[in-house]
Structure formats: structure tokens, C-alpha cells
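Residues per chain, in single letters:
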Amino acid sequence: MSFKVTVLPAGREFPAEPGQTVLEAALAAGIVLPYSCRNGTCSTCEGRVVSGDYDAGPAPARILDADRLAQGHTLLCQARPSSDLVIEAREVRMADDIVVRKMPVRVLSLEPLASDVMEITLQLPSAEAFRFQPGQYLEFILKDGSRRSYSMACSQADDHQVRLHVRHMPGGLFTSRVFGAGAEPIKPREILRIEGPLGSFFLDPDDTRPIIFLASGTGFAPIQAMIEGMLARGDTRPATLYWGGRRPADLYRQDLALGWQDSLPGFRFVPVLSEAEPADGWTGRAGWVHQAVMDDLPDLSGHQVYACGAPVMVEAARRDFVGRCGLSPDAFHADAFTSAA
Ligand code: FES
């Protein structure tokens, strides 16, 4: 017997089978709720249960504050209904032709972008369309069944190819293989297995407010995809990219970002370093990247934000932009950025 889940305010309904999470059931019914990690660590899928019974699992108590828990907020990627449920959650409009699939891919090339960042280009099977919204991610399914998530650093799969940015996590099983370390380095022509596209981190086409893109490290990859999507569409919404790193090498595609200022009217790029040293000759902004946004824009009430990077940066931005700068909570979009090795 399935349970009925009703999503407010739209009032859409879908069935949930016993044991299914609310998110799994929604996606199976073609209803996209915001999500990213799917494992209870990022809070992207936070929603409020208005009525009904469910098993929340242990994750909400770990990452949601007491006030939100008391108001009935939970993580919809973890919540398993045990009765009909009524929930409040934002719905995401996904293009109709996007289908999540598992498929084999061939490694075409590995190109270092920095000493600890590698761009991998993957060849997708030509018989299968791989459509995604710029900002989404895919997962590698490793031989032991574990998964690694990476955002596409391109706005579409031109010639059935996609590019990803992989940061080296020393000692890590997967990223060490990418960087040629260990017994089995990944080489061009190797076949890997992926599932995708996944996630709800992409631009809301109906929101015309000026955009703040906020990235740290390889959180730049999905932002690159979104901005290249804007370029391809001729989308001239005002947009500013704040990209933060510790040292200049962390901003491994500055030339690209600077070039967008010439090709995209209304686009501005603000690089920010937190640990520049005199030898770097850095004359740009210094400090924490989300603080740079607040220094420039103490009132964010008329903006929307897309943030991707280290969890500590994303959480600080969410807290301060909403709590101190008047950003609407619905206008803060973030992608989980896991450092799985
Ligand atoms: Fe549910 Fe990340 S916590 S998608």
C-alpha cells in the first residue's frame, strides 16, 4: 500500500511506496524537489512536514537547528513516510527531456588546470542523449559500488563530451587514480561508469533578479557551466561572479572568467584571495569570498545567489546573506560539495 504525499503550496500529489524517501518518490513521479547530496549532509532538500507520520532518520538532528526541527523541518532525502503526508517544499522546474541514466563513458583526456586540479573529458555513448541543465552533476559508480560526484564544467554535451574538474585529495582512492598515483592510474580510453544528470543546482529561468555567483576552489565548475549557458542563450541578466581561493593558483581559470566580462554584458568578475603572500604580487581583493560580497552589497534583498564550494563557505554565506543582508531564503541556491576522495 502506498502513501499519498501532497506538496504545498502547489498542492501536487504523488505516491510513496513503503521504504521510499519523499525525494525518491517525488523524482519517480516527475516532481523535482531541490536536492544535491541525497545522503543527508547538505540540507538542500530541507522541507517542512505539515501533517502525517514519517521516519526522519538521524541526519536532520545533526544538521538542522533546534528551531527548524521544532517547526517540523526535515530532510526530504531521508524522510520515509509511514502515513499520508502533507509537506511544504519548493518545486524546481526541470526541462522535460532530462532523463537520469546509468551509462559507460570513455576517458578522452586528462589535462592539469593546476597542480591539484585536473580536467577530465569524458566521451559519452553516441547512441544515448545526455541532456542536463548547466550546474547539474554526475556520479562515477566505482567498482566497490561507492560513488564520487562531479559537476559538469560545460553547459551541454557537445559532440557527446563532458568536462569535469577533479581536485586531488591526497591518499584518496579515486582522485589519486585521476592524478596518476597508485597502482592503477586512470588513462585515456579507460571505461568508467556514471549516473546522471543529478541535482537541482541550475538557474531559475523565471527569476530576473541580479545574480551573485559565489564559488570557492573547484566549486567554479558548475558556475562555469551556468555562465556558458547564459552566453549560449544570450542571457544578459546582471551577474557577478565572486571566486575565492587561498593563493592565486586556486583560481585556475581566471583568464576565462575575465574574458566573460567582455562577452557577457552586465557580467563582472571579482577574484578574492584569503592567504595571498607578498611574493604573489596580488593586488586584488583579500579576505573571505562571501565577506567580499557583503562588503559590496550589504543589502541583498533584491538578488539571487548561486553558491558552490567548501561547505564551511556555503554555510557561512547562507547564514550571513539571509541573516544579515536580507536575502530571501528562497533566493539562496547551493550545491553540496563533497570532498570524497
Ligand atoms: Fe538531502 Fe543533501 S541533505 S539532498
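Conventions used here
Residues numbered from 1 in each chain as written. Predicted model: local features only at pLDDT ≥ 70, side-chain atom pairs only at ≥ 80, totals over all residues. Helix = DSSP H or I, 4+ residues; strand = E, 2+ residues; numbered from the N terminus. Rg over C-alpha atoms; globule rule 2.2 N^0.38 Å. Buried ≥ 20, exposed ≤ 12 C-beta atoms within 10 Å, placed from the backbone. Contact = placed C-beta atoms within 7 Å. Right-handed = clockwise from strand over helix to strand, strands pointing away. Pairing = 2+ DSSP bridges. Core = buried A, V, L, I, M, F, W, Y, C linked by C-beta atoms within 7 Å. Domains from an automatic or database assignment. Expected span 1.5 Å × (residues − 1). Axes fitted to C-alpha atoms, helices over the stretch in contact; angles between N-to-C directions. Parallel < 35°, antiparallel > 145°, perpendicular 65-115°, else oblique. Left-handed = near helix turned anticlockwise from the far one by under 90°. Nonpolar A, V, L, I, M, F, W, Y, C, P; charged D, E, K, R; others polar.

**Focus on the overall build of the protein chain**
Argument step 1. Along the protein chain, the regular secondary structure elements total eight helices and 19 strands.
Argument step 2. At 20 Å, the protein chain has a C-alpha radius of gyration in line with the 20 Å of a compact globule built from 341 residues.
Argument step 3. Along the first, second and third principal axes, the C-alpha set of the protein chain runs to 60 × 50 × 40 Å.
Argument step 4. The burial tally for the protein chain puts 39% of its 341 residues in the buried class.
Argument step 5. Sequence-distant contacts in the protein chain: of pairs separated by 6 or more residues, those separated by 24 or more amount to 69%.

**Observations regarding the pairing of strand β16 (residues 267-273)**
Argument step 1. With five of seven residues buried, β16 is to be regarded as a mostly interior element.
Argument step 2. One crossover worth recording links strand β15 (residues 239-245) to the parallel β16 by way of helix α6 (residues 254-263), and it is right-handed.
Argument step 3. Where β16 meets strand β17 (residues 285-286), two bridges bridge the pair, whose relative direction is parallel. Looking across to β17, one finds that L273 is bridged to A286.

**A look at the sheet that holds strand β14 (residues 211-216)**
The strands that make up a sheet are held in pairs by hydrogen bonds between backbone atoms, and each pair lies either parallel or antiparallel.
Argument step 1. As summarised here, the arrangement of the six strands in space is β17-β16-β15-β14-β18-β19, forming an open sheet in which the pairing is parallel. Only two strands of the sheet have a single neighbouring strand rather than two, namely β17 and β19 (332-335).
Argument step 2. Pairing of strand β18 (residues 304-308) with β19, which is carried by four bridges, proceeds in the parallel orientation. If you follow A307 over to β19, its bridge partner there is A334.

**Comments concerning the nonpolar core**
Argument step 1. Counting 66 residues, the largest nonpolar core has F213, L214, I223, L241, Y242 and V305 as the members making the most contacts within it.
Argument step 2. The element contributing the most residues to this core is helix α5 (residues 220-233), with seven residues.
Argument step 3. A domain-level breakdown of this core finds at least three residues from each of domain 2 (101-198) and domain 3 (211-335).
Argument step 4. The residues touching V305, leaving out its near neighbours within four places in the chain, are I212, L214, F321, L327, A331, F332 and H333.
Argument step 5. In terms of nonpolar packing, the next biggest core, distinct from the first, is built from 21 residues, A25, L27, C45 and Y54 among them.

**Comments concerning the domain arrangement of the protein chain**
Argument step 1. Segmenting the protein chain into domains produces domain 1 (3-88), domain 2 (101-198) and domain 3 (211-335).
Argument step 2. On a C-alpha basis, the centres of domain 1 and domain 3 stand 30 Å from each other.

**What about α5?**
Argument step 1. With 14 residues, α5 ought to run about 20 Å at 1.5 Å a step, and its terminal C-alpha atoms sit 20 Å apart, in line with that.
Argument step 2. Regarding α5, the residues found buried are F220, A221, P222, I223, Q224, A225, M226, I227 and M230.
Argument step 3. Count one or two residues on from α5 and you reach G234, which has phi positive near 70°.

**Notes on the sheet that holds strand β5 (residues 73-75)**
Argument step 1. Ordered by their spatial adjacency, five strands build an open sheet running β2-β1-β7-β3-β5, and the pairing between neighbours is mixed. Two strands in the sheet have a free side with no partner beyond their single neighbour: β2 (12-16) and β5. Geometrically, the sheet is characterised by an average inter-axis angle of 40° between neighbouring strands, direction not taken into account.
Argument step 2. In this sheet, β2 lies alongside strand β1 (residues 3-8) in antiparallel orientation, the contact comprising five bridges. In the sheet register, F3 faces β2, and the bridge partner there is A16.

**Digging into the packing of helix α7 (residues 289-296) against helix α8 (residues 311-325)**
Argument step 1. Contact geometry of α7 with α8 gives a least axis separation of 9 Å together with a crossing angle of 20°. Put simply, α7 runs roughly parallel to α8. Of the two possible hands of crossing, α7 and α8 adopt the one that is right-handed. Contacts between α7 and α8 involve V289, H290 and M294 on the former and, on the latter, M313, A316, A317, D320 and C325.
Argument step 2. Across the contact of α7 with α8, the residue classes tally to six nonpolar, one polar and one charged.

**What about the pairing of strand β3 (residues 46-51)?**
Strand residues, when the strand is regular, have side chains that alternate between the two faces of the sheet.
Argument step 1. Pairing analysis gives three bridges linking β3 to β5, with the strands arranged antiparallel. Each residue of the ladder has a partner; that of E46, found in β5, is L75.
Argument step 2. Direction of pairing for β3 relative to strand β7 (residues 85-88): antiparallel, over a ladder of three bridges. Its bridge partner being in β7, S51 is matched across the sheet by V86.

**A look at the environment of A89**
Argument step 1. With respect to the helices and strands, the residue A89 is situated in the loop between β7 and β8 (101-114).
Argument step 2. In the structure, A89 is positioned 56 residues away from L33 in sequence and 7.1 Å away in space, judged by C-alpha atoms.
Argument step 3. Beyond its immediate stretch of four places on either side in the chain, A89 contacts V7, L33, G47 and L76.

**Quick look at unusual backbone geometry**
Argument step 1. That bond from L8 to P9 is cis: its omega, 10°, falls within 30 degrees of zero.
Argument step 2. The residue P9 is located in the loop between β1 and β2 in this model.
Argument step 3. Put simply, G196 and P197 share a cis peptide bond, and its omega is 0°.
Argument step 4. Secondary-structure assignment places P197 in strand β13 (residues 191-198).
Argument step 5. One non-glycine residue with positive phi stands out, namely S43, at about 70°.
Argument step 6. Structurally, S43 is set in the loop between α1 (22-28) and β3.

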